[in-house]
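# Structural features, examined
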Amino acid sequence: MDFRLTDDQRALRQGIRELLEGRFGREALRAAVDRADGRGGTADGKRTAEDTRVLDRDLWRELGAAGFFALRLPEAEGGVGQGLPEAVLAFEEAGRVLLPGPLIATHLAAGAVPGAATGEAVVTSVGGGLVEWLDESDVVRGNAGGAEPLASVDPLTPLHRLPAATGRGPGGGELRAHRPPDTLLASLLTAAEQLGSAARTCETAVQHARTREQFGQPIGAFQAVQQLCAGMLVRVEVARAAVYAASVTVDPVDIAAARLLADEAAVRGARDCLQVHGGMGFTWESDVHLHLKRAWIRTHRAGGATQSEEELAEGLVAGAA
């Protein structure tokens, strides 16, 4: 199979990148973080409903108008008529800029929930014992009864925890041989977001290594820093190949492998980026910690690593039989 991007796919990726960078650049990201952290409002400390709302509904509708949520919906149903590989490219770009909101749940609800495809409705879903963005969603797919607020390490991913229930594994994943189709696609699109975040932290680390000087030379001249950056790049490219391939084959084993590789690339990449930045990376003003926190949250989605490891092991055993 040829996994190289077509001209149309490159144009799609570039168009989404320009839209997100123009509409949700660093200033918008930090403003959203401040709202979530309770720092928004007027000079006298008063906060309006707009100040406390983290999810930008105008941006959500712009994404809908751009076809982000209806990307895989057939043209006959008002969608863009693209496939899963194109959706993976879109969510990779969303991961790069840390775009907040229940993007995957709304994308998967397009065509099934009125308003989801156009961005008029915000949709979240229940899975893995956690629900993201419950309070700001219009529609919840699944039973979220009894859900309680949970302190989230990521300021831009509010969480609710479901009551303990039977049928869940030790990591919160469902005890079943295979995940249902929507959960399988959610796992792949989560891997795409992780891939985008990993690529961004790799670029950030390399840029810092080029410009930050110590002992009269850029820190990128030191072998220890070079090895960190090289390791980040290797993990990103390996994960990219796996995620792109899984979007074409849509094989559960391929998706499980891609998810594990992308999770590792995102979490370890953010950690290594922190190391390259030194003490600066741990400050609130830096964006590196936001990538690490979001990567941690994503690892718990759609069954998480436990489910992916089980599916991958099962596939390998079946293939060896």
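Residues numbered from 1 in each chain as written. Predicted model: local features only at pLDDT ≥ 70, side-chain atom pairs only at ≥ 80, totals over all residues. Heavy atoms only, no water.

Scanning the protein chain for helices and strands turns up eleven helices and seven strands. For the protein chain, buried positions account for 47% of its 321 residues. Considering only intrachain contacts with a sequence separation of at least 6, the fraction spanning at least 24 residues in the protein chain is 68%. Accessible surface computed for the protein chain: about 15100 Å², of which carbon and sulfur atoms make up 54%. (Helix = DSSP H or I, 4+ residues; strand = E, 2+ residues; numbered from the N terminus. Buried < 20%, exposed > 50% of the residue type's maximum accessible area, 1.4 Å probe, protein only. Contact = heavy atoms within 4.5 Å. Areas by Shrake-Rupley, 256 points an atom, 1.4 Å probe, with all protein chains shown as cover.)

The tally for this structure, following the rule as stated, stands at 20 salt bridges. Asp-287 is paired through a salt bridge with Arg-30; the nearest N and O atoms lie 2.6 Å apart. Pair noted here: Asp-287 is in the loop between α9 (252-277) and α10 (288-298) and Arg-30 is in helix α2 (residues 26-36), with a separation of 257 residues, a long-range link. Comparing Asp-287 with Arg-30 shows no difference in burial state: the two are buried. Ionic pairing is found between Asp-138 and Arg-57, a salt bridge with its closest N-O pair at 2.8 Å. One end of the pair, Asp-138, is in the loop between β2 (130-132) and β3 (139-141); the other, Arg-57, is in helix α4 (residues 57-65), and 81 residues separate them in sequence. (Salt bridge = Lys/Arg side-chain N within 4 Å of Asp/Glu carboxyl O.)

Here we come to the packing of aromatic side chains. Scanning all chains against the criterion turns up four aromatic pairs. Taking the centre distance of 4.9 Å and the plane angle of 40° together, the rings of Trp-60 and Phe-69 count as tilted. Looking at Trp-60, the relative accessible area reads 1%, which means it is buried. Consider the rings of Phe-215 and Phe-222, whose centres lie 6.4 Å apart with planes at 85°: the pair is edge-to-face. Every member of this aromatic cluster is reached through a ring pair, and the members are Trp-60, Phe-68, Phe-69 and Phe-91. (Phe/Tyr/Trp six-rings, centres within 6.5 Å; stacked < 30°, edge-to-face > 60°.)

Attention shifts here to the layout of surface pockets. The space that makes up the second largest pocket amounts to roughly 270 Å³. Looking at the second largest pocket, it is lined by 17 residues, and the ones nearest its centre are Arg-26, Leu-29, Arg-200, Asp-287 and His-291. At the level of secondary structure, the elements contributing two or more residues to the lining of the second largest pocket comprise α2, α7 (181-211), α9 and α10. For the lining of the second largest pocket, the leading source of residues is α7, giving three residues. For the lining of the second largest pocket, the per-class residue count stands at six nonpolar, six polar and five charged. (1 Å grid on protein atoms, 1.4 Å probe; cavity = no way out; pocket = protein on both sides within 12 Å on 5 of 7 lines; lining within 4 Å. Points joined across faces, edges and corners; volume = space filled by probe spheres on them. Nonpolar A, V, L, I, M, F, W, Y, C, P; charged D, E, K, R; others polar.)

Before going further, it helps to examine the pairing of strand β1 (residues 123-127). Here three bridges tie β1 to β3, and the two strands are oriented parallel to one another. Across the sheet, Thr-124 pairs through a bridge with Val-140, a residue of β3. Two successive antiparallel strands, β1 and β2, enclose a turn made up of two residues, where Gly-128 displays a positive phi of approximately 70°. (Pairing = 2+ DSSP bridges.)

A few words on empty space enclosed by the protein. A full pass over the atoms with the stated rule returns three cavities of 30 Å³ or more. In this model, the largest cavity occupies a volume close to 70 Å³. If you go around the largest cavity, the residues you meet are Phe-24, Arg-35, Val-54, Leu-55, Asp-56, Leu-59, Trp-60, Leu-63, Leu-99 and Pro-100. If you tally residues by element for the lining of the largest cavity, the top one is α4, at three residues. Split into classes, the residues belonging to the lining of the largest cavity amount to eight nonpolar, no polar and two charged.

What follows concerns the confidence of the model for the protein chain. Should pLDDT be low for a region, the predicted coordinates there are not to be read in detail. Of all residues in the protein chain, 90% attain a pLDDT of 70 or more, and the chain-wide mean is 89. Mean pLDDT in the protein chain bottoms out at helix α3 (residues 49-52), which sits at 56, and peaks at helix α5 (residues 84-96), which reaches 98. In the model, residues 166-177 has pLDDT below 50 throughout and makes 19 contacts with residues more than four positions away in sequence or in other chains. (pLDDT = per-residue confidence, 0-100.)

Before going further, it helps to spend a moment on the side chain of His-289. Within the secondary structure, His-289 is located in helix α10. Relative accessible area serves as the criterion here: at 8%, His-289 is assigned to the buried category. Contact partners of His-289, with chain neighbours within four places excluded, come to Arg-30, Leu-274, Gly-281, Thr-283 and Trp-284.

Along the polypeptide, Thr-124 turns up in strand β1. For Thr-124, a relative accessible area of 2% corresponds to the buried category. A polar atom in the side chain of Thr-124 sits 2.6 Å from the backbone oxygen of Glu-132. Excluding its chain neighbours within four sequence positions, the residues that come into contact with Thr-124 are Pro-102, Ala-105, Val-131, Glu-132, Trp-133, Leu-134, Ser-137, Val-139, Val-140 and Arg-141. (Polar contact = N/O pair within 3.5 Å; in protein donor to acceptor, adjacent residues only side chain to side chain.)

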